[in-house]
Amino acid sequence: MVSFSPSEEQQMIINMVKEFSTDHLRRVYRECDESGIIPADVIDTAWEFGFISTSIPEEFQGLGEARSSLTGALIAEELAWGDLSIAMHILCPSLVAIPLVEMGTDEQKSKYLPGFCGDRFKAATAALIEPRFDFDPAALSTTARLNGGDYVLNGEKCYVPLAADADLLLVYASENDCTQGFLVEKAATGLEIMEREKNMGIKALATYELSLKDCRVPKGNRLGGEDGCDFGRILNYSRVALSAMAVGVARGAFEYARDYAKERSAFGEPIASRQTIAFMLAEMAIEIDATRLMTWEATWKLDRGEDATKEASLLKSYADEMVLTVTDRAVQILGGHGYIRDHPVELWLRNGRGFATFNGMAIV
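Everything quoted here is computed from the prediction, not taken from an experiment.

So, the packing of aromatic side chains
So, step 1. Evaluation of the coordinates by the stated rule reveals 7 aromatic pairs.
So, step 2. For the pair Trp-47 and Phe-121, a centre-to-centre distance of 5.3 Å together with 80 degrees between the ring planes defines the contact as edge-to-face. Of this pair, Trp-47 sits in helix 2 (residues 40-47) while Phe-121 sits in the loop between helix 6 (106-112) and strand 1 (124-127), and the two are 74 residues apart along the sequence.
So, step 3. Ring pairing ties together the aromatic residues Phe-20, Phe-49 and Phe-51, which thus form one cluster.
So, step 4. The aromatic ring of Trp-81 is capped on one face by Arg-26, whose charged end is 3.9 Å from the ring centroid.
So, step 5. The ring of Phe-116 carries the charged tip of Lys-122 above its face, separated from the ring centre by 5.7 Å.

Some details on helix 1 (residues 8-35)
So, step 1. A rise of 1.5 Å per residue sets the reference length of helix 1, with its 28 residues, at 40 Å; its end C-alpha atoms lie 39 Å apart and thus fit the reference within 8%.
So, step 2. Inspection of helix 1 places Gln-10, Ile-13, Ile-14, Val-17, Phe-20, Ser-21, Leu-25, Val-28, Tyr-29, Arg-30, Cys-32 and Asp-33 among the buried residues, and these make up the whole buried set.
So, step 3. Residues of helix 1 that are buried make contact with helix 2, helix 3 (69-82), helix 4 (84-91) and helix 10 (345-353).
So, step 4. Taken from the residues just after helix 1, Gly-36 is the one with a positive phi, measuring 75 degrees.

As for the packing of helix 5 (residues 94-103) against helix 7 (residues 231-263)
So, step 1. Orientation of helix 5 relative to helix 7, taken along the N-to-C sense of each, is 140 degrees, at an axis distance of 11 Å. Taken together, the axes of helix 5 and helix 7 are oblique relative to one another. The two elements helix 5 and helix 7 meet at a crossing, and its hand is right-handed. Of the residues in helix 7, those touching helix 5 at Ile-98, Pro-99, Glu-102 and Met-103 are Arg-233, Ile-234 and Tyr-237.
So, step 2. When grouped by side-chain class, the residues that make up the contact of helix 5 with helix 7 number 5 nonpolar, no polar and 2 charged.

About the thresholds
- Residues numbered from 1 in each chain as written.
- Predicted model: local features only at pLDDT ≥ 70, side-chain atom pairs only at ≥ 80, totals over all residues.
- Heavy atoms only, no water.
- Phe/Tyr/Trp six-rings, centres within 6.5 Å; stacked < 30°, edge-to-face > 60°.
- Helix = DSSP H or I, 4+ residues; strand = E, 2+ residues; numbered from the N terminus.
- Lys NZ or Arg CZ within 6 Å of the ring centre and 35° of its normal.
- Expected span 1.5 Å × (residues − 1).
- Buried < 20%, exposed > 50% of the residue type's maximum accessible area, 1.4 Å probe, protein only.
- Contact = heavy atoms within 4.5 Å.
- Axes fitted to C-alpha atoms, helices over the stretch in contact; angles between N-to-C directions.
- Parallel < 35°, antiparallel > 145°, perpendicular 65-115°, else oblique.
- Left-handed = near helix turned anticlockwise from the far one by under 90°.
- Nonpolar A, V, L, I, M, F, W, Y, C, P; charged D, E, K, R; others polar.

This is the structure we're talking about:
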């Protein structure tokens, strides 16, 4: 018999994160979207849950619990249900910590992982996307060339979250036509962080362009050392995490539209009783559940150590379409009210549109 229910421990985690999202993220998300600033106390409170340090081995000052992609997806969905921008800010350091745990050398783990286990939020980030229309993560324009005892990086990146505050960046670059990761410290010569980007959605999340001009990093900072990293597996982790967040955003929009349709009356009855509205709500619920099950399937394969490229790629493509459809229909159900900022559905539509660009994979 196949179980489609979270374990008792996972359900406890879901309840805990849902309560945090309700009490903290839903309380401030609109103000954050307007101001572009996330209160530090919200981030610090989230850090205390140990979303990242729990999966770091004890020898590197973490809690040493077994890492589960499925549990991570459950957390990502609940946080994104609260607010996508804040969820991405909270989980941003994992863009460096998880590749280090999975593929870092002992020296890299000893040097960098303890920094993710302190009492205060540690800003770290990854730079993958490039500002060009034909961006392909498997064929990057940013290059890495070995020169003596250093790698020399050249190129440009965009949509890099928290880059201005991050002490450590994981920069992806092409080395002999193969994508590899390089650990770049903030003080590295040749690294320049540009102005904060102005995006259509996720306005509370600070993202930046950055430039690498003959940026030199020690040879030992190539993720995985001489063996390098399994970039395909890292990309699959990103795909399932973003898809789980898409489910969270879509669920929030669906629930709001459903409740609105039950309360809003026209011609003497709730608009939810009209077939057009009821069918839209039913299709939204189906699409959300379908995407969630696809997410769980991909994470199940990742947790078994299997190749999940097909499942993660199909999932990401499906989730990108799903979240845009669901959030757009939420706006449609609210009618003219959906287009004004008094209701959050316009915010969720703006955020939902971004999923197709968050790791540059709009198509499979």
